[in-house]
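Single-letter residue listing:
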Amino acid sequence: MNIVATYANAIHEIAVAEKRLEQVEDELFRIGQAVEASDQLRAALTDASLPVERRQQVIEDILKGKASPTAFGAVSMIVGAGHAADLPAIARAVVEKGAAMRNHAVAEVRSAVPLTDDQRTRLAAALKKTTGKDVEIKVVIDATVLGGIVTQIGDTVIDGSVRHRLNRVRETLG
Amino acid sequence: VSVSYPTIFVLAQEAETEEETHAEGDEAHAEEGHHENNFFYGDINEVIWGSVAFAIIFAVFLWKGVPAVKKVMLKQQEAIAAKIAAAEATKAQEEAELARLTASLGNADEEAARIVADARERAEVVEADLKRRAEVEIQEALQRTRIEIEASKHQALADLREEIAAMTVTATEAILKDMLNDSVRSSLVDRYIDQVGAAS
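For every chain, the first residue of the written sequence is number 1, and numbering continues from 1 onward in sequence order. Note on labels: chains are lettered from A, ligands numbered from 1, in written order. Under the rules for a predicted model, residues below a pLDDT of 70 receive no local features and side-chain atom pairs below 80 are neither given nor counted, while totals for whole chains, interfaces and linings still include all residues. Side-chain numbers here rest on the full set of heavy atoms in the structure, without hydrogens or water.

### Comments concerning the sheet that holds strand S1 (residues 105-111) of chain A
Backbone hydrogen bonds are what pair the strands of a sheet, in a parallel or an antiparallel way. All names here are of chain A. Spatial ordering of the open sheet is given by S2-S1-S3-S4, a layout of four strands whose pairing is mixed. Every other strand in the sheet has two partners, leaving strand S2 (135-141) and strand S4 (156-159) as the edge strands with one partner each. Each adjacent strand pair in this sheet contributes to an overall mean axis angle of 20°, direction not counted. A pair of strands is considered paired only if DSSP assigns at least 2 bridges between the two. Helix and strand definitions here come from DSSP, where helices need a minimum of 4 consecutive H or I residues and strands a minimum of 2 consecutive E residues; each element is numbered from the N-terminal end. Relative to strand S3 (residues 149-153), S1 runs antiparallel, the two being bridged by five bridges. Counted as the bridge partner of Ser111 is Ile149 from S3. To get an axis, a line is fitted to the C-alpha atoms, and for a helix only the part in contact is used. The angle between two axes follows their N-to-C directions and goes from 0 to 180 degrees.

### What about the pairing of S2 of chain A?
All names here are of chain A. Among the seven residues that make up S2, six are buried, leaving the element largely enclosed by the rest of the structure. Relative to S2, S1 runs parallel, the two being bridged by seven bridges. What sits directly across from Arg110, in S2, is Val140. Each residue is assigned to one of three classes by its accessible area relative to the maximum for its type, calculated with a 1.4 Å probe on protein chains only: buried under 20%, partly exposed between the two thresholds, exposed over 50%.

### A closer look at the interface of chain B and chain A
Residue contacts are counted whenever heavy atoms from the two residues lie within 4.5 Å of one another. In this assembly, 25 residues from chain B lie in contact with 26 residues from chain A. By definition, the buried area sums, over both parts, the 1.4 Å-probe accessible area that each loses when the two are put together. Summing both sides of the interface, chain B and chain A together bury roughly 2,200 Å²; the carbon and sulfur share of this comes to 65%. For salt bridges, the criterion is a side-chain nitrogen of Lys or Arg within 4 Å of an Asp or Glu carboxyl oxygen. Run the count over chain B and chain A and you get four salt bridges. Asp190 of chain B is the partner of Arg122 of chain A in a salt bridge, and the nearest nitrogen-oxygen pair spans 2.5 Å. Polar contacts here mean pairs of N or O atoms no more than 3.5 Å apart (in protein, one a potential hydrogen donor and the other a potential acceptor; neighbouring residues in sequence count only if both atoms are side-chain atoms). Taken together, the links from chain B to chain A amount to eight residue pairs in polar contact (both at pLDDT 80 or more). Mapped onto the side of chain B that touches chain A, the elements with two or more residues apiece are helix H2 (44-179) and helix H3 (182-199) of chain B.

### Some remarks on empty space enclosed by the protein
A pocket, in this scheme, is an open set of points on a 1 Å grid over the protein atoms alone with protein on both sides within 12 Å along at least 5 of 7 lines, while a cavity is a set where a 1.4 Å probe fits but cannot get out; residues line either one if an atom lies within 4 Å of a point. Grid points are joined across faces, edges and corners, and a volume is the space filled by probe spheres set on the points. For the structure on display, the rule yields one cavity of 30 Å³ or more. A volume near 50 Å³ is recorded for the largest cavity. Contributing to the lining of the largest cavity are Gly148, Gly160 and Arg165 of chain A together with Leu188, Arg191, Tyr192 and Gln195 of chain B. Looking at the lining of the largest cavity element by element, the count peaks at four residues for H3 of chain B.

### What to know about the pattern of salt bridges
Counted under the stated rule, the structure contains 23 salt bridges over all chains. Asp26 of chain A is paired through a salt bridge with Lys138 of chain A; the nearest N and O atoms lie 3.8 Å apart. Pair noted here: Asp26 of chain A is in helix H2 (residues 21-37) and Lys138 of chain A is in strand S2, with a separation of 112 residues, a long-range link. For Arg133 of chain B, the salt bridge identified is with Asp129 of chain B, shortest N-O distance 3.2 Å. One end of the pair, Arg133 of chain B, and the other, Asp129 of chain B, are both in helix H2, four residues apart, so they sit about a helical turn from each other. Given a relative accessible area of 47%, Arg133 of chain B falls into the partly exposed group. Because the salt bridges share partners, they merge into one network encompassing Glu36, Arg92, Glu108, Arg110 and Asp142 of chain A.

### Considerations on the pairing of S1 of chain A
A large share of S1 of chain A lies buried, amounting to six of its seven residues. A crossover connection joins S1 of chain A to the parallel S2 of chain A through helix H7 (residues 117-131) of chain A; in handedness this β-α-β unit is right-handed. Here the term right-handed applies to a crossover when the path leading from its first strand over the helix to its second strand runs clockwise, the strands being oriented away from the viewer.

Listed below in structure tokens is the structure:
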């Protein structure tokens, strides 16, 4: 078992025991996306020249009072162990493990704007019709898509973004 | 046998002269009687016996010497004739050799002329082949150049199209960023959801 799976299993068990699984999944997913999207944050958390306490202080500054103690503790532990670079993968693994436990699939949705609850519900229903599975929506705000949505479920990608259409226009013209 | 004919002849003449001298002496002696002290008239017996001896010697000479001399001369003639014949044969051979060499010289000239003609013919063939190859290489080089020019043209056009596409997309993106407010973006999300639901 690799490091990602080991940490994911441990965090999952703790969240289940504390009956905060979905909350922890969501918080970890957001933190993972933030680390993945921000080069500066990722560099600060993975800089081995910085003392561990300093790196953990960065996490505390960001999450203190904004995330559950479980999520905060898990992230602080991962950063303290020097595995901050694996944080996005660990977060995804926790989300997928929880969804699998609920017999759901995870749909990572990239959009330039947040989705309303109604849109989430309708999208989950549409994706269920497409995949035949109950789908849990995890939204990532990504300005590069410009408009529309990019949905990834496992290896399947449904790209309805303006960026994708622009790329097709570029390919057609080129 | 080795005495030559002229030598024998001289000896015979000398003997005859001596005999005549003796005969004359005898006659004179007879005419003068007993002139025994005469220098010119010797003893008649000596004349007789000398003549007989001479005759015998002459006869023997005629009997044995002359045939031998003739045989020797005949052999010499045959040897000379053989030498002449050999010389003529040698001369004929030399003349034949000369003719052969002359003919060979003529053949050599013909061979030389043939070799020169053959060399010219080969040179012409080689020249024609070289010209043909050069022509082929020129055509191939021209073809390669045309292909390269065509490829460069296509590449330039492709680069131009790519550049135009990039500029178009960049301009479109800039326009869209101004046009895409949250309301429009939310509408696009709704449209996406409808399309995904409709596609299933």
